[in-house]
Structures are given as C-alpha cells and as structure tokens.
Amino acid sequence: MKRRTLMATAAALAFGLAGVTAASAQETIKLGAAAPLSGPLAGGAAVTHWPAVKLWVHQVNERGGLKLAGGQATIELVEYDDQTNPQQAIQAAQRMATQDNVDFMVSPYSTGLNLAAAPIFAQLGYPQITGTAVTNQQPELAAQFPSMFFVLGRTGVMAEDTAKVLVDLRDKGEIGNRVALVNVADAFGIEMVGISRGVLEAAGFEIVYETSYPLGTQDLAPVIDGAKASNPDAFIAWSYPGDTFALTDQAIVQKFEPKVFFTAVATAFPGYGARFGANAEGVMGMGGVNPDDPAFKAFAEAHVALNGQGPDYWASAATYATLEILGQAIEATGTKDRAVVMEYLKDRSNSYETILGPVQFNENNDNERYWTVGQWQNGVFKGVAARGRDGAAPIQLKQGWQ
Amino acid sequence: MFVLITGLLLGGTYALIAMGLNLQYGVARIMNLANGEMLVAGGFAAFWVFTAGQVSPVAALMVVAPVAFAVNWLIYRFMLRPLVTRAKTRGALEVDSILATFGLSFAMVGVMTWAFGGGYFNYAYLSERVDIFGSSYGQNRVVAFALATLIAVALWLWLNHTRAGLRLRAVSVNPDAARLVGIDVPAVSALAFGLGGAVTATGGALISMFFTLDASVGVLFTMKALIIVIMGGVGDIRGTVVAALILGIAETFVARVIDPGLTLAAAYVLFLGVLLFRPQGLFGKKPT
C-alpha cells in the first residue's frame, strides 16, 4: 500500500515536471529531445548533450532555418526530462511522436538510454543518429533497428586503442609490462575491462592488479592503495564521472604515480582540467579531439558564447555532428517527410560534412572515423589515437603529481 | 593501519551524513527522505562561496549551518507540523512524512537544477596529502573527520548534560508523556528538525571538499543515512556514530583486503545482521 502510494506520487510529479513548449506560426520543423535533466546521468548530459543540441538549434534558426523544397523552416525544440530512466525515455519518445507530433527526434543521451529507446524509434520510424552511444554491437543493432546510426565509435576499438597505446610505449622502451586495471561494476565498465584485459594479455602484459567497485563509489582510497602496492607501469580505470574525479584525487593524495594514468568517462570534460589544473597534464582518457582543427575551434567558441561553458573534448562534438547529419539529410531531400529522409540516411554513398570531419556510415550504420584516446596536454585534452582522423598529438608519459 | 585510518575517515563521513537524520527521525519523528538533498544543498552552498569568494568551506559553515537551521525550522513549521497534528498514530505520521518529504526531495532537486544547472560540482580545497603512520591521506578528509567528531561530541554533551537536551530526549522517548510533564513538544520537535537539517547541511559542506556532487545525487546519501540510523538505533547519537564508524571500517576492510566490488554487499550484510539480531539498533532500547 505504502509503496503504491509512493509510486503514484512519483508518477504525478514526473508528469508535472515535463514541460512542453508552445507552437509558432511560420513553417517549422518540430524536433523532439528527451534526455536526462535529473537522475544519475543529468550531470553528464548537462555537459555534453543539452548544450550541443541547443547550440545547433540556435545556429540553424539564426541562419533562417533548414532549406526545404518549399522554403526555409526553422526548428522548434520540444524538450523532455527522461530522468535517466529507460522507461521514461521510451514513454517520452512515444509522447513526442504521438502527442507533440514532432517531425524528428534527437537521440537520447548515453549508451543505455539509446539502446532502451531503439525499438520505439524503429517502430515509429524516426531516425536515431546517436552521438553518445558506444557499444560493440553495431552490426546486430543495425540489423535489428535499421533506423539506428552510430557516430561516436565502438567500445571494442576504444579498448583496443587504449591497449595499443601501452603496447607502443612499451615497444619504445618507455614503460614496462605491469598494468593495474580497475573498473566500475556496471555494463560499461565490465565490457571495457574484458576487452582491454584480453588485448593486454595477448600483447604480453602482466595484469598485476585488477578489481571493480560498485557504481556510485567515491571513496576509492582502498582501490588506489591496492593499485599502488602492485607497483604498475600503467593504471587503466574504466570509470564514470564521480569516480574519475575521486580516483585522480586519491592518486594525488597517495602519491600513486604510474607512467600512464588513464581514467575513462569525464576525463575529457573541461571540468576535469579545471579541477586538477597542472596535475591533469599527461592524464589519458577516452575520446579526444583535434583542438587545432578550425571547425572544432569555431564550435567551441560558439558553445561558450551560447551556453557559458565549453564543450567536452569528446562526445559534445559528436552530439552536435549527429544533428548536422540530420540537418544535411533533411536539406538534401528538401522535405521533412521522415521516410524520405530515412532512405537518404540509409544510402551508404552519402557523406556528411561535420565538425568531426567527413562522416559516412558503413553497412552497419557505423561511422568508422573517430578519436579513441586523448591526453591532457597544455591545458587541452588532445586526441592521441584515432581511427581515420588526422592530427593526433604525440603521447607523453605522465610526470609525477605536484 | 591504512585500513583502520581510511575506515575511520570514511566512518566520519558517514556520521556526517547520518547524524542529522537521526535527530529528525528520532526526536521530530519525521522520516526525512529529503535528507540527501539537504546535504547536497549544503555542499552546493560551500561550492558557491568557495568559487565566488574563495571562502573556505569550513568558514562557510558559519553561514551554512544557521541558514540551514532556519530553512529546516520553517519546513517543519509550515509543511510538516500540519501532518503531525493530523496524524492519529505514529505509523500514520511516518507514512505521511515519507510521502511529503519524498515530494520535497523532488522539489529540491528541481530548485537546485534550476539554480546551479545539472552539471558536476567539485573544487580543490585542502586536497593535499597529510602523512599519518607512513601512509598518505587527504587533508580535507581529516578535517571533515575532526569536525564530525567535534559535532558528535558537542551534540552528545548537549543532549545528555543540558536541560534543553533532556527535553529533546524526553520527546524522543515518548512525545505524549513529555507533554504531560510540561514540555512544549511542537517547539522541541521543530528545534530538533532544524538542528538535524543544520547538521546535515554542515555535513554536505564538508563532504563537498572531496566528493563530486550533482543536483540529483542526494538519494544515495539518503539511503546510506537510513541504514546507519536504523543500525545505530533511532534517537541515539552515540549509536549513529558507532554504526557509521563500523560501516566505514568494514567497507574499507572488505575493499582493501577482499574486493572493492563487495563493499555494498558488506554494508548490507551488516545491516541485515543488525536487523535480525538487534532490530532496535545497536544502542536502541527494546520497545515496551
């Protein structure tokens, strides 16, 4: 009884919170967006997802809208909070399609929410161009949900490239054979650690410490102490934002100074550089960008001007690129007819000009060119390893903490 | 030694999380599910004064604690007091207060998201190392532990050696009987709820020195606080502190010696053990 009342209260509150924006007169394209404004991933979405979406809508509207056959159409953004809840993400997609009658939808934020929403996007016939989904199941997913496209890359490749960075450093004689491997105990951490363990062991590395910790843990002194006691050359952590900060903090406090220090999600956030300053130098993480690329520079400047905060050095640009791709497909077909736009997207011969550089989808709806590993160098998180992208910076060894 | 000290530091953190809830639940009988949000609000306040004015979070407590006291006093007076007068039994009050504060937690998340945005918040204050018995620890954690000790001792002395404290304990034991001996139960309850909120916000301000917070993270702290309060015994500060320390040391021991993946399991095993063998809590009295 008690629980039922609780649920009813929660549901009522959820409905009350979801806002709907008003309609306007001119020819418009309605774009629906449901992503976390609350819940565990709201912090990441506030850095990576929402500002990039708002920037694209703002810029398109500023130049008069997207060119359709019958003239220009401005974008009207309809926003929902999915509360980082897969069920809510599905319901929001349904509501946007059937009640708000949106023409297109921004794909959700994070791998998990994108996977949850894939069936409903496919069923309703909306293209789902993902900018924050990293998985290794592109072939299966694309076969099952042909409306799903992937821009950010594959987990397998990212874990492989991280391992390759170590192999290269070892082959150059700069580091030894000992690796400490830790991960957050959820789907992401477990998948990544599995792949990297395999690649590292195959390359003859010795895993001297391996452990996982529960999701949400920020008291990581025991983990760092254990890793330090194993005296590794490289420390690889498949971590989430809160623990990424906590691991770095503890490593500094306990003077744990391996030659390679790698933390995963949030290492590419501008907040990481701001929090650790000079100590961030040399820390490696997932993703990266080419910060000298003029397209990225312009994007970063506009991002700061509109949102008052910089983009992250990884998925912000990919999220923005997913909308560039959608916009280019709409303009190329000159219609907001979803079926036509979808056919255009499925035509693998089409290429899109984005801030990431040219993007093309392969037979698995997968973009094959992306950054895999980045490193903080001179206050910027630079890409140091990539597939099919130019401008990788040379890798530096991590110097001790200050 | 490392395990013991790390565990104590973690236990101090847990005590900061749970002491406020103990006052609120033990004396004012409000099972406050917005406890974690109040903690995060305290953390945000510390973050704000630190980044805006370079004011140390410890100095910021001078402002955070009184403001939190006032806010919580008002919450009790205007939002929860009507529930207390309406409730026919203690059980009814618990159900009502759980629902009301559950709603309050959503509202607070909304307000914090509106005011600060949904991003992550942290800052570097005293994040240098301090060496104790040959191992390094974060200065901020040591400072937080020291202040947690100070707060716990002060609360304990106040509760056990002053007339005002006696009144609080009387209400905690039996509100109806307390009324019969001339204690202004509503006023004492409001005082306890406000004080609990102030302690929680203080804890948040201290924890923000080494935790990355965001507007939605409060529920994690609420869960932890609930476990500790129930383990320690409702209405007993000493029990809360002991339970927090036991939990901190046990989690650290399991994490370092067995496997960090089992820390949550260890916490819940302890919790289950207490529920099975001492359902009234470590220091709780059996209901008569």
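Source: prediction; values computed, not measured.

1. Overview of the overall build of chain A
When helices and strands are tallied, chain A shows 14 helices and 15 strands. Taking 21 Å as the expected radius of gyration for a compact globule of 402 residues, we find that chain A reaches 22 Å, a close match to that expectation. Its C-alpha atoms give chain A principal-axis dimensions of roughly 65 × 60 × 40 Å. Evaluated residue by residue, chain A yields a buried proportion of 55% over its 402 residues.

2. Focus on the overall build of chain B
For chain B, the count of helices and strands is 11 helices and two strands. Counting helices and strands in the order they occur from the N terminus, chain B gives α-α-α-α-β-β-α-α-α-α-α-α-α. For 288 residues, the compact-globule estimate of 2.2 N^0.38 gives 19 Å, and the C-alpha radius of gyration of chain B, at 18 Å, lies within 12% of that figure. Based on the C-alpha atoms only, the size of chain B along its principal axes is roughly 55 × 45 × 35 Å. Out of the 288 residues belonging to chain B, those deemed buried represent 52%.

3. Some points on the interface of chain B and chain A
Each partner contributes to the interface: chain B provides 37 residues, whereas chain A provides 40 residues. Elements represented by at least two residues in the side of chain B that touches chain A include exactly α1 (2-26), α4 (90-116), β2 (135-138), α10 (237-258) and α11 (263-277) of chain B. In terms of residue count, the dominant contributor to the side of chain B that touches chain A is α4(B) (eight residues). For the side of chain B that touches chain A, the class distribution of residues is 17 nonpolar, 16 polar and four charged.

4. Things to note about α4(B)
Note: α-helices contain 3.6 residues per turn, so residues at a spacing of three or four share the same orientation. Residues and elements named next belong to chain B. If you check α4, its first and last C-alpha atoms are 37 Å apart, about what 27 residues at 1.5 Å a residue would give, namely 39 Å. Buried-residue contacts for α4 involve α2 (35-53), α3 (57-86) and α9 (218-232). In the stretch just after α4, Gly117 is the one whose phi turns positive, near 85°.

5. Regarding the pairing of strand β3 (residues 71-81) of chain A
All names here are of chain A. Where strand β1 (residues 28-35) lies against β3, eight bridges are found, and the strand directions are parallel. Within β3, the residue paired with Thr28 across the bridge is Thr74. Two elements, strand β2 (residues 66-68) and β3, share three bridges in a ladder whose sense is antiparallel. By the bridge assignment, Lys67 is partnered in β3 with Gln72. What sits between the antiparallel neighbours β2 and β3 is a turn of two residues.

6. Re helix α7 (residues 155-171) of chain A
Residues and elements named next belong to chain A. Compared with an ideal rise of 1.5 Å per residue, which puts 17 residues at 24 Å, α7 spans 24 Å between its outermost C-alpha atoms and is within 8% of the ideal. Restricting attention to buried positions, one finds in α7 the residues Thr155, Gly156, Met158, Ala159, Glu160, Asp161, Thr162, Ala163, Val165 and Leu166. Just past α7, the residue Gly173 takes up positive phi, approximately 80°.

7. A word on the sheet that holds β3(A)
Residue and element names in this part refer to chain A. As summarised here, the arrangement of the four strands in space is β2-β3-β1-β4, forming an open sheet in which the pairing is mixed. Across the chains shown, the open sheet's two edge strands, defined by having one partner strand only, are β2 and β4 (104-106). Recorded for the sheet is a direction-independent mean angle of 40° between the axes of neighbouring strands. Sheet strands touched by helix α4 (residues 86-98): β1, β3 and β4. Its angle to β1, the strand with the most contacts, is close to 165°.

8. Looking at the environment of B:Pro186
Residue and element names in this part refer to chain B. With respect to the secondary-structure elements, Pro186 resides in helix α8 (residues 185-207). Overall, Pro186 belongs to the partly exposed group, with 17 C-beta atoms counted inside 10 Å. With 109 residues separating them in the primary sequence, Pro186 and Arg77 have C-alpha atoms 8.7 Å apart.

9. Here's the deal with the pairing of strand β15 (residues 380-387) of chain A
All names here are of chain A. The buried count for β15 comes to six of eight residues, which makes it a mostly enclosed element. For strand β14 (residues 370-377) and β15, the ladder comprises seven bridges, and the chain directions are antiparallel. By the bridge assignment, Trp371 is partnered in β15 with Ala386.

10. Remarks on the packing of α3(B) against α8(B)
Residues and elements named next belong to chain B. Where α3 meets α8, the axes come as close as 7 Å, and the angle between the chain directions of the two elements is 140°. α3 and α8 meet at a crossing whose hand is right-handed. For the contact of α3 with α8, the residue count by class is 18 nonpolar, six polar and two charged.

11. Some points on the environment of B:Gly43
Residues and elements named next belong to chain B. In this structure, Gly43 sits in helix α2. Taking the C-alpha atoms as reference points, Gly43 and Asn122, 79 residues apart in sequence, are found 9.2 Å from one another. Those residues in contact with Gly43, other than ones at most four positions away along the chain, are Gly204, Ala205, Ile207, Ser208 and Leu213.

12. Some thoughts on the confidence of the model for chain B
Chain-level pLDDT for chain B is 89 on average; 99% of the residues reach the 70-or-more range. For chain B, strand β1 (residues 129-132) of chain B is the element with the lowest average pLDDT, namely 83, and α8(B) is the one with the highest, namely 93.

13. Looking at unusual backbone geometry
Not every positive phi belongs to a glycine, and A:Asn101 is a case in point at roughly 50°. Although it is not a glycine, A:Asn365 sits at a positive phi angle of roughly 60°.

What counts, and where the lines are drawn
Residues numbered from 1 in each chain as written. Chains lettered and ligands numbered in written order. Predicted model: local features only at pLDDT ≥ 70, side-chain atom pairs only at ≥ 80, totals over all residues. Helix = DSSP H or I, 4+ residues; strand = E, 2+ residues; numbered from the N terminus. Rg over C-alpha atoms; globule rule 2.2 N^0.38 Å. Buried ≥ 20, exposed ≤ 12 C-beta atoms within 10 Å, placed from the backbone. Contact = placed C-beta atoms within 7 Å. Nonpolar A, V, L, I, M, F, W, Y, C, P; charged D, E, K, R; others polar. Expected span 1.5 Å × (residues − 1). Pairing = 2+ DSSP bridges. Axes fitted to C-alpha atoms, helices over the stretch in contact; angles between N-to-C directions. Left-handed = near helix turned anticlockwise from the far one by under 90°. pLDDT = per-residue confidence, 0-100.

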